[in-house]
Every structure is written in structure tokens, then in C-alpha cells.
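Below are the chains, spelled out letter by letter.
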Amino acid sequence: PHVYTVRRTGDEGTQVEPYEGTARLAEFLGELNYASYREVGFDKLLLVEGPSEVKTLQQLMRCFGKDHKVVLLPLGGGSMINGSREAELTEIKRISDDVAALIDSERSGPNDRLVAHRQAFVKTCAQVGIRCHALERRAIENYFPDAAVKKVKGAKYRSLAPYERLKDLALSWSKEENWRIAREIEAQELEGTDLGDFLKSL
């Protein structure tokens, strides 16, 4: 549930810090040696909200045979999702031509618009040539089928309605457990959803 970056600071020293403290995503990608990923078949880069989405989407992409083609990079949470990230996003585009982004909508109903900072992020992505998809439902866990939730958490648990908040459930679970539920989902269970269509398009 926690992600850290580790950097060498000299011949013998290292610096460890929470991933959220990483200031420049493009620089971090370079240090990860993204080029070596491309040599073994990865040809796309997908920006996601945070560490829990990385593990969850790895499981969901496996349903569509995409897990060995897409490198996932967490944005570090909601603080990165705004309209002031043009410079960073432009740098990321220089590293890979094929970049997409997937963010939660955080909408409370089907007629709600994205909040201003999420709208600004989508607009900025479009300006720099990154395909950004904001989920139609509230968040990624709102796509989990009831059977998958019950299989992992037990019969007393239930799936979320499309715009229901996870924390509002009488019996909720941690977002860090989302990947365990996602592992039980079949591709056909996401058919006809915007999430399924987006993952197939990667």
C-alpha cells in the first residue's frame, strides 16, 4: 500500500522518500530507465492517480491482455491532478509518444460535471497530446461486480452503486484491497462500460 522512491546519493549512500514527494515525474521515469521497458515489449505509458490504482489496473489490464504492454505511473494522488502540470506532462510526452491518463471523476451523480481542478487536468492533457479519460462512475471501485466483492470480502459485503462513496458503505474496505477484488473480475464483466472500453483501447 505504500510506494517509495530510492535514489543513490553517492558511491555508498541512498535516499528513500515517499513517492508523493517525487517532484518531477519525467525525471523519475528517466531514472527508472523507461527505454529498457520498451525493449521487452512495453510500448505505452498510463498515468493513474496513486499507488493503489497501479496494482488494481495491473489486474484489470490482465483481463484484456494488456498487462505486458503498458507501464503504469502513479501521479501521486489528487494534488497532481490540476491544470498547472503542463510542463511535467510535456516532458513525459518527450519520453514516450504513446501516453494516456486515467482519473476518477469523483462525481456524485450522472449529471454532475467534473470539479474544476479535474477539468483543468483533462484540458491540459489534451493540450499536450495526452489522451485523458475521466471515469463516468465515481471511482474505479464503482465498477467492481458484486460477485467479485463477495468472493474476496465475504457474503456480508456488497458492490457500490455507480456514484456511491466507498467510505459511505456500512461495510467498506480499504482502497489498498481493490487489487484483490480486481483480480477476480473477468473481462466480460467490464463489457459495455467506459472503463472496459478504455482498457481495450490501450
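Residues numbered from 1 in each chain as written. Predicted model: local features only at pLDDT ≥ 70, side-chain atom pairs only at ≥ 80, totals over all residues. Heavy atoms only, no water.

J.: How would you summarise the pairing of strand β2 (residues 14-18) if you had to cite specific residues and measurements?
T.: As paired elements, strand β1 (residues 4-8) and β2 share five bridges and run antiparallel to each other. Counted as the bridge partner of Y4 is P18 from β2. Between the end of β1 and the start of β2, which pair antiparallel, lie five residues. (Pairing = 2+ DSSP bridges. Helix = DSSP H or I, 4+ residues; strand = E, 2+ residues; numbered from the N terminus.)

J.: Talk me through the nonpolar core; I want residue IDs and the actual numbers.
T.: Among the nonpolar cores identified, the biggest contains 31 residues, and L46, L57, L60, L195 and L199 are the most heavily contacted of them. Contributing elements (two or more residues each) for this core: β3 (44-48), α3 (51-63), β4 (70-74), β5 (99-103), α6 (146-153), α7 (178-182) and α8 (194-201). If near-sequence neighbours (up to four positions away) are discounted, L60 is found in contact with I140, A182, I185, L190, L195 and L199. I81, V99, I103 and I130 belong to the second largest nonpolar core, which has 19 residues in total. (Core = buried A, V, L, I, M, F, W, Y, C linked by side-chain atoms within 4.5 Å. Buried < 20%, exposed > 50% of the residue type's maximum accessible area, 1.4 Å probe, protein only. Contact = heavy atoms within 4.5 Å.)

J.: If you had to explain the pattern of salt bridges to someone new, which residues and values would you point to?
T.: Throughout the structure, instances matching the rule amount to 12 salt bridges. A salt bridge links R138 to E106; the nearest nitrogen and oxygen atoms lie 3.8 Å apart. Of this pair, R138 sits in the loop between β6 (131-134) and α6 while E106 sits in the loop between β5 and α5 (116-128), and the two are 32 residues apart along the sequence. We classify R138 as buried; its relative accessible area is 11%. Accessibility expressed as a relative area gives 32% for E106, which makes it partly exposed. Its salt-bridge partner being K151, residue E184 comes within 3.1 Å of it at the nearest N-O pair. One end of the pair, E184, is in the loop between α7 and α8; the other, K151, is in helix α6, with 33 residues separating them in the sequence. Looking at E184, the relative accessible area reads 25%, which means it is partly exposed. In this structure K151 comes out as exposed when scored by relative accessible area, which is 63%. (Salt bridge = Lys/Arg side-chain N within 4 Å of Asp/Glu carboxyl O.)

J.: Summarise the sheet that holds β5; cite the residues concerned and give the values.
T.: The four strands are arranged β4-β3-β5-β6 in an open sheet whose pairing can be described as parallel. Each end of this open sheet is capped by a strand with a single partner; those strands are β4 and β6. Across the sheet, the mean angle from the axis of one strand to that of its neighbour is 20 degrees, orientation sign disregarded. In terms of strand pairing, β5 meets β6 through four bridges, oriented parallel. Paired with A100 across the bridge in β6 is R131. α3 contacts β3, β4 and β5 of the sheet and is inclined by roughly 160 degrees relative to β4. (Axes fitted to C-alpha atoms, helices over the stretch in contact; angles between N-to-C directions.)

J.: So what's going on with the packing of helix α4 (residues 86-95) against α5? Residues and values would help.
T.: α5 packs onto α4 with a crossing angle of 40 degrees between their chain directions and a minimal axis gap of 10 Å. Taken as axis vectors, α4 and α5 run oblique relative to one another. As α4 runs across α5, the sense of the crossing is right-handed. Mapping the contact onto sequence places E86, L89, T90 and K93 in α4 and F121, T124, C125, Q127 and V128 in α5. In terms of residue class, the contact of α4 with α5 is made up of four nonpolar, three polar and two charged. (Parallel < 35°, antiparallel > 145°, perpendicular 65-115°, else oblique. Left-handed = near helix turned anticlockwise from the far one by under 90°. Nonpolar A, V, L, I, M, F, W, Y, C, P; charged D, E, K, R; others polar.)

J.: I'd like a description of the side chain of R118, backed by residues and values.
T.: Inspection of the secondary structure assignment puts R118 in helix α5. When residues no more than four places from it in sequence are discounted, the contact partners of R118 are E49, I81, I103, D104, S105 and E106.

J.: Account for the pairing of β5, naming residues and giving values.
T.: The buried fraction of β5 is high, at five of five residues. The alternating pattern of β5 places V99, A101 and I103 and A100 and L102 on opposite faces, both of which are buried. Bridging between β3 and β5 involves three bridges; their strand directions are parallel. The residue bridging L47 from the neighbouring strand is A101, located in β5.

Everything listed here is a matter of coordinates, which is why it stays silent on function.
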